[in-house]
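Residue-level structural notes
Each chain is listed here by its residues.
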Amino acid sequence: MASSAAILPSKMKAWTYLEYGKSSDVLKLQSDVVVPQPRDDQVLLQVVAAGINPIDFKRMLGMFKNSDSPLPIIPGYDVAGVVVKVGSQVKKFKEGDQVYGDINEKAVDHPTQFGTIAEYTVVAEKLLALKPKNLSFVEAASLPLVIETAYEGLERCHFSAGKSILVLGGAGGVGTMIIQLARQVYGASKIAATASTGKLDLLKSLGADLPIDYTYQNFEDLPEKFDVVYDAVGQCEKAVKAVKEGGEVVTIYGAVVPPATTFMLTSNGAILEKLEPFLESGKVKPMIDPNGIFPFSETPQAFAYLETGRVTGKVVISII
Ligand code: NDP
């Protein structure tokens, strides 16, 4: 790994797209991309691992093109890597620090042109935290966007100790974090979560008391209702039928049906710092799909796998 700005190259390898479209059509490996330079409040990272998220392929399809950066774009929000250069105003980090984070403060409002599926990336220091020592770079790169989304949603619906929650999409990147945070950080009284048949044991291992197999059970028909319903799959119309009177429903995808609320996550390294004790103690664990780690050269295969919508936890690209 590079250790000093003096030996940094001027060009790097990066996966890029020059036009919007399906990942299998538009994603290309370039080997002569100019290494971005950090602004005053940014650091330059040598990327060790990059997590990928559905927002990467949605953005690649052009779904946010009205508020996107100009093409060509290097995709990737999540990163774990090593600081190799710091901007003049950077206070928290120095060269050699091992850090992780989601590099886009606003997910769809001008996300950066220079994402994380590259040998180097630049990122504002406020979006980063030191990597928990017990986690590998691959594990750390699996976390930022999903754990920050899980946390922001739980905060927005005023989740707290003693409340019950139903998580829709418990086996996905976000869902696996919602369950663990609800159990370990907030002290939920009861956690129900939905997934397909083969993933129910996983839900239990994450801390769910009541795994619901959506392939034969309709959660909205259960007599039991919940203080909070967190919808991570886009089933808001049904979600609002499963909440107690006076309870709260938060959805992160699809149509919003009253009284549910929605949000688009804001990246913030302070959330990672707040959750660090839970990560370092192993109470909250990264959840990477058993087939979900891909080498840099197989980035298109990583996207093809994520795009199935069936992954368990996360897909991560190992850059070096
Ligand atoms: P994933 O690709 O990780 O989700 C895959 C999982 O979804 C699979 O394990 C699958 O389980 C599960 N799933 C699919 N359909 C259902 C269903 N009907 N019921 C229960 N589980 C189901 O996605 P993420 O968790 O990363 O993201 C979820 C959604 O949230 C995406 O649309 C994403 O873009 C959005 N999002 C929005 C954010 C925001 O700020 N608004 C932030 C982050 C994500 P199975 O195989 O068992 O069906």
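Anyway, here's the lowdown on the structure attached to this text. (Residues numbered from 1 in each chain as written. Predicted model: local features only at pLDDT ≥ 70, side-chain atom pairs only at ≥ 80, totals over all residues. Heavy atoms only, no water.)

A look at the overall build of the protein chain
Counting secondary structure elements, the protein chain contains 9 helices and 15 strands. Taking 320 residues into account, the globule formula puts the C-alpha radius of gyration at 20 Å, and the protein chain, at 19 Å, falls close to it. Along the longest, intermediate and shortest principal axes, the C-alpha atoms of the protein chain span 65 × 40 × 35 Å. Across the 320 residues in the protein chain, those meeting the buried criterion constitute 55%. (Helix = DSSP H or I, 4+ residues; strand = E, 2+ residues; numbered from the N terminus. Rg over C-alpha atoms; globule rule 2.2 N^0.38 Å. Buried < 20%, exposed > 50% of the residue type's maximum accessible area, 1.4 Å probe, protein only.)

A closer look at the site of the ligand
Taken together, 26 residues surround the ligand, and among them Lys58, Ser196, Lys199, Tyr214 and Val311 come closest. When isolated, the ligand has an accessible area of 920 Å², and the protein chains bury 89% of it. Counting residues per element, the ones that place at least two in the shell around the ligand are α2 (54-60), α4 (144-156), α5 (173-184) and β9 (190-195). Grouping the amino acids of the shell around the ligand by side-chain chemistry returns 14 nonpolar, 9 polar and 3 charged. (Near = heavy atom within 4 Å. Areas by Shrake-Rupley, 256 points an atom, 1.4 Å probe, with all protein chains shown as cover. Nonpolar A, V, L, I, M, F, W, Y, C, P; charged D, E, K, R; others polar.)

Some remarks on the pairing of strand β8 (residues 164-168)
Look at any regular strand and the pattern is simple: side chains alternate between the two faces of the sheet. The element β8 is largely enclosed, with a buried count of 5 among its 5 residues. Side chains Ser164, Leu166 and Leu168 of β8 all project onto a buried face; the interleaved residues Ile165 and Val167 project onto the opposite face, where all are buried too. Of the strand pairs in this sheet, β8 and β9 are connected by 4 bridges, and their pairing is parallel. Pairing of valine 167 across the sheet is with alanine 193, part of β9. Where β8 lies against strand β11 (residues 226-231), 4 bridges are found, and the strand directions are parallel. (Pairing = 2+ DSSP bridges.)

So, unusual backbone geometry
Put simply, leucine 71 and proline 72 share a cis peptide bond, and its omega is -5°. In this structure, proline 72 sits in the loop between α2 and β4 (78-86). Following proline 258, the chain continues into proline 259 via a peptide bond in cis, with omega recorded as 10°. Along the chain, proline 259 turns up in the loop between β12 (243-251) and β13 (261-262).

Considering the pairing of β11
Taken across its 6 residues, β11 has 5 buried, putting it largely inside the fold. Where β11 lies against β12, 5 bridges are found, and the strand directions are parallel. The residue of β12 that forms the bridge with valine 228 is glutamate 248.

Focus on the sheet that holds β9
The strand order across the open sheet built from 6 strands is β10-β9-β8-β11-β12-β13, with neighbouring strands paired in parallel fashion. Edge positions in the open sheet fall to β10 (210-213) and β13, since each of these has one partner strand only. Two strands pair when backbone bridges link them, and β9 and β10 are joined in this way by 4 bridges, in the parallel orientation. Among the inter-strand pairings, threonine 194 is bridged to a residue of β10, identified as isoleucine 212. Most of the contacts of α4 go to β11, to which it runs at about 145°, and overall it touches β8, β11, β12 and β13. The strands touched by α5 within the sheet are β8, β9 and β11, with β8 carrying the most contacts at an inclination of about 170°. (Contact = heavy atoms within 4.5 Å. Axes fitted to C-alpha atoms, helices over the stretch in contact; angles between N-to-C directions.)

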